[in-house]
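Now for the letters of each chain:
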Amino acid sequence: MRTSTVGSSGAAISIIKGACPHDCPDTCALEYHVADGKLIEVKGSTTHSVTAGVLCTKVAKYPLRTYHPTRIQTPLKRVGAKGEGKFVPITWDEALTTIASKFKAISAEHGAEAILPYSYAGNMGMLQYGSMDRRFFHSIGASQLDRTICASAGAAGLTVTLGSRLGTDMEAFAHSELIILWGTNPITSNLHLWSRCQEAKRRGATLIAIDPYRSLSAEKCHQWLPIKPGTDAALALAMMHVLIRDDAETHALDHDYIAKYTLGFDALKARAAEWTPQRASDICGIPVADIEALAKAYGSTKKAAIRLNYGMQRHGGGGMAVRTVACLPALTGAWREASGGALLSTSGAYPMNSAYLERPDLMPKHDGKLPRMVNMSALGDALAWSARASVCSLSLGERVGVRDVALDPDLDRSDTPSPVTPHHRGEGNQQAIKALFVYNSNPAAVAPDSNQVLKGFARDDLFMVVHDVFITDTARYADIVLPATTSPEHDDINRSYGHYDLVLNRRAIDPVGESLPNTELFRRLAKKMALTDPCFDETDESMIQHAFDWSHKTLAGQSFATLERDGVLRLNYPKKDGFIAPFVEGGFGTPSGKCEFYSEALAKRGFDPLPTYIAPHEGEASDLFTEFPLALNTPPARNFMNSTFANIEELAKPHGPPTVQLNPLDAAARKVTEGQKVRVFNSRGAMKLAACVTSDTRPGVATILWGHWRNHPGAEGFVNDLTSQALTDLGGGATFYDCRVEVTATL
Ligand SMILES: Nc1nc2c(c(=O)[nH]1)N[C@H]1C(S)=C(S)[C@@H](COP(=O)(O)OP(=O)(O)OC[C@H]3O[C@@H](n4cnc5c(=O)[nH]c(N)nc54)[C@H](O)[C@@H]3O)O[C@H]1N2
Ligand SMILES: Nc1nc2c(c(=O)[nH]1)N[C@H]1C(S)=C(S)[C@@H](COP(=O)(O)OP(=O)(O)OC[C@H]3O[C@@H](n4cnc5c(=O)[nH]c(N)nc54)[C@H](O)[C@@H]3O)O[C@H]1N2
Ligand code: SF4
Ligand SMILES: [Mo]
């Protein structure tokens, strides 16, 4: 994994192979360049075909993050008020002893379920994302965390339809003739897909973006269809209507594919007949002529690839929207082409040994039940739980949400089939959370309804630990802060949710200060808590080698030695024209083995078994519309990765302070002018920031690009003070983009 060269100054440079750990579908293969024990540069691998020697700006400047002057170097203890951010250094021993004794006392007094781990995808390496940490929390019987904040609705929608989370090969997009970017902005969030879209464009492909916001990517497409937020299923149903209605003339449908590899076409036909373009147009705001033209273009191109992404699923009906769009390629047979089909996620492709890494068998059972599961997307509500049942109001219980694991056999990150004690309608254990251990996440910034989250963090009786690289908005509230390593400082093995490759990450430099990887932290904490299972002695190297099932057919003929040698390794899947093409000849992982237009699994759970449109919670039809006439859209800004990187001046500077983008019609109606400071508000919170008047955001939609930290100079309040804890239809996901606000010039 290590090669050597000589730099221009004459110093010896070692090049160590790595993997980008960030929450991005591209999972780039990296080269860490090291001289005198220091990381001097990070480059994109030229031998990994997806990365192709190119990195995004964020990671190309990685040494800025690794050696940032504000990095946490030692464990810290809070000395100021919660939220104030005043700490003093302590030793690791003192930190771990404090945590262990607090956890023991809380377990003895309130039961171990009063302890909640809170983590997400700050680091997506298999080990640092979920291994020793899970073993630790399972062993002590802590509450389980339902990791729904990103992808669970889409994963559920895709899984009921296709049976797995697989899709079109990212590299095959270069050969597509029609590309639909549906609720996604790849220039920001999926750079290596965008380069393939550009290649396709140069070969003559048509690019269409469906998005309420003219994103950087939409701007470069041939057509931008400014859809109303949360209405994608209506548009997809109208496309089906046109494809089926005109088939005799257009031959858009692939009847052979439908007959062999799909289930429920006749029922779908009847459903689509109800969705005239006029009906859909009234809902989604796209003119009938554009809907007809979109369907015609889609139906007449076999090499038509849809890149759908998570934009469309952060709404009340998000699961069903993904399911509906995912039906389209089976109707036209676009799956037959490697450069056709659809891509939401490839995270289901990997033969993971999750049970080995995470050891769910270590969880204790009480009365036959495993520890309760708490939905991370409703953290604010969960922190307000009290031991007294009377506070468990019906609406609270509803928001906590039913977690249907059978439908949602997880999520883009963790494939552990987690057995669940569902929380529904006030049932379930809503005993108070007394300890919160946050790592790989920054909930003060990323969780919805953050006023409620911060209110919880400020509780005097809550013991809070944060393991991070920086003093984030969350860490400011911690009792104990622990320093974490960045990826060149530890080993890991990565999968991807955008391509089909394994990527190995090798440690290139010593940890900065006293920082420790997540694995080592939990290994040491387990010892402090006197946990004796031998799994707490396992080394990272052993876990890396056992993270995947090397006897699985997708790894046949491959070995860990090859991965070690090359740094990357592609899984075995059916191929066409040199690209992975998962459904050329059906092979869907559903119960019927077909693409399920009709889903018995959904019917059994009381959902509509057919694709349908479910209105957003806070859509135009909701009661909130009169008081809060604008929809708030908060997609990520390019130089940030969620809230990561926003504290790196060189990356934040080009974005400037946050602004709220308003369509000229909406600005005029409110007498708001360019650059004027305005108030964006709803019943959950308010934010004051400068207005940017632009036709990039469709009428009725206010857009704030997201990722800045709280209290950023030039703005007061925070984006997620406005967003809601309501959950999606399928998968119990967060509904960040399903949010009504009003904007006024009066502060
Ligand atoms: N630079 C950068 N890259 C990232 C991230 C980041 O924060 N910064 N985040 C990473 C993560 S965690 C994820 S999950 C992925 C997210 O990746 P994507 O889901 O592709 O997210 P975006 O690229 O922001 O694109 C979302 C788009 O959906 C649009 N949108 C909002 N509501 C709707 C709707 O109802 N319908 C439709 N059709 N469009 C809608 C938004 O305007 C936005 O342009 O990106 C990853 N990559
Ligand atoms: N308004 C709005 N809110 C959103 C979204 C949106 O589009 N709009 N997007 C949502 C989505 S899709 C997602 S995925 C979530 C993202 O939510 P998070 O996964 O919480 O993402 P980050 O904000 O990047 O926070 C990750 C934290 O982990 C830390 N970290 C990195 N590596 C390590 C490590 O190895 N060990 C430890 N202990 N810590 C580490 C980082 O420094 C950072 O502080 O946000 C959601 N919130
Ligand atoms: S954030 Fe994405 S594009 Fe940037 S280096 Fe990581 S995987 Fe590649
Ligand atoms: Mo995400």
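Before reading on, note that the structure itself is shown above.
Quick summary incoming for the structure in this document. (Residues numbered from 1 in each chain as written. Chains lettered and ligands numbered in written order. Predicted model: local features only at pLDDT ≥ 70, side-chain atom pairs only at ≥ 80, totals over all residues. Heavy atoms only, no water.)

## So, helix H5 (residues 132-140)
Thought 1: Counting buried positions along H5 gives 8 out of 9 residues, so the element sits mostly inside the fold.
Thought 2: Of all the residues in H5, the buried ones are Met 132, Asp 133, Arg 134, Arg 135, Phe 136, Phe 137, His 138 and Ile 140.
Thought 3: Taken from the residues just after H5, Gly 141 is the one with a positive phi, measuring 80 degrees. (Buried < 20%, exposed > 50% of the residue type's maximum accessible area, 1.4 Å probe, protein only. Helix = DSSP H or I, 4+ residues; strand = E, 2+ residues; numbered from the N terminus.)

## Looking at the pattern of salt bridges
Thought 1: In the structure shown here, the tally under the stated rule is 39 salt bridges.
Thought 2: We note a salt bridge from Arg 71 to Glu 489, for which the minimum N-O separation is 2.7 Å. Here Glu 489 lies in the loop between strand E18 (480-483) and strand E19 (492-494) and Arg 71 lies in the loop between helix H2 (62-66) and strand E5 (76-78), a separation of 418 residues in the sequence. For the pair formed by Arg 71 and Glu 489, the shared burial category is buried. (Salt bridge = Lys/Arg side-chain N within 4 Å of Asp/Glu carboxyl O.)

## Considering the pairing of strand E16 (residues 435-439)
Thought 1: Burial runs high along E16: 5 of the 5 residues are buried.
Thought 2: Of the two faces of E16, the one lined by Ala 435, Phe 437 and Tyr 439 and the one lined by Leu 436 and Val 438 are each fully buried.
Thought 3: In this sheet, E16 lies alongside strand E7 (residues 115-119) in parallel orientation, the contact comprising 5 bridges. Pairing of Ile 115 across the sheet is with Ala 435, part of E16. (Pairing = 2+ DSSP bridges.)

## What to know about the sheet that holds strand E21 (residues 568-570)
Thought 1: Judged by pairing direction, the sheet is antiparallel, and its 3 strands sit side by side in the order E19-E20-E21 without closing on themselves. Edge positions in the open sheet fall to E19 and E21, since each of these has one partner strand only. Direction aside, the axes of adjacent strands within the sheet are offset by 15 degrees on average.
Thought 2: With 3 bridges joining them, strand E20 (residues 501-505) and E21 adopt antiparallel strand pairing. Across the sheet, residue Asp 501 finds its bridge partner in E21, namely Arg 570. (Axes fitted to C-alpha atoms, helices over the stretch in contact; angles between N-to-C directions.)

## Regarding the site of ligand 1
Thought 1: Looking at ligand 1, there are 32 residues lining it, with Thr 184, Ser 189, Asp 211, Phe 640 and Asn 642 nearest.
Thought 2: For ligand 1, an oxygen atom lies 3.0 Å from a polar atom in the backbone of Asn 185.
Thought 3: Contact between ligand 1 and Asp 232: a nitrogen atom at 2.8 Å from a side-chain N or O atom of the residue.
Thought 4: Within the complex, 98% of the 910 Å² of free accessible area of ligand 1 lies under protein.
Thought 5: Classifying every residue of the shell around ligand 1 by side-chain character gives 15 nonpolar, 11 polar and 6 charged. (Near = heavy atom within 4 Å. Polar contact = N/O pair within 3.5 Å; in protein donor to acceptor, adjacent residues only side chain to side chain. Areas by Shrake-Rupley, 256 points an atom, 1.4 Å probe, with all protein chains shown as cover. Nonpolar A, V, L, I, M, F, W, Y, C, P; charged D, E, K, R; others polar.)

## Focus on the packing of H5 against helix H23 (residues 518-528)
Thought 1: Two elements in contact, H5 and H23, have axes separated by 8 Å at closest approach and are oriented at 30 degrees. With respect to their mutual orientation, H5 and H23 come out roughly parallel. The crossing of H5 and H23 is left-handed. Here Met 132, Asp 133, Phe 136 and Phe 137 of H5 lie close against H23, whose contacting residues are Thr 519, Phe 522, Arg 523, Leu 525 and Ala 526.
Thought 2: For the contact of H5 with H23, the residue count by class is 6 nonpolar, 1 polar and 2 charged. (Parallel < 35°, antiparallel > 145°, perpendicular 65-115°, else oblique. Left-handed = near helix turned anticlockwise from the far one by under 90°. Contact = heavy atoms within 4.5 Å.)

## Quick notes on the site of ligand 2
Thought 1: Taken together, 30 residues surround ligand 2, and among them Ser 441, Asp 468, Asn 518, Ser 643 and Thr 644 come closest.
Thought 2: Between ligand 2 and Asn 123, the relevant distance is 3.0 Å, taken from an oxygen atom to a side-chain nitrogen or oxygen of the residue.
Thought 3: Here His 467 contributes a backbone N or O atom positioned 2.9 Å from a nitrogen atom of ligand 2.

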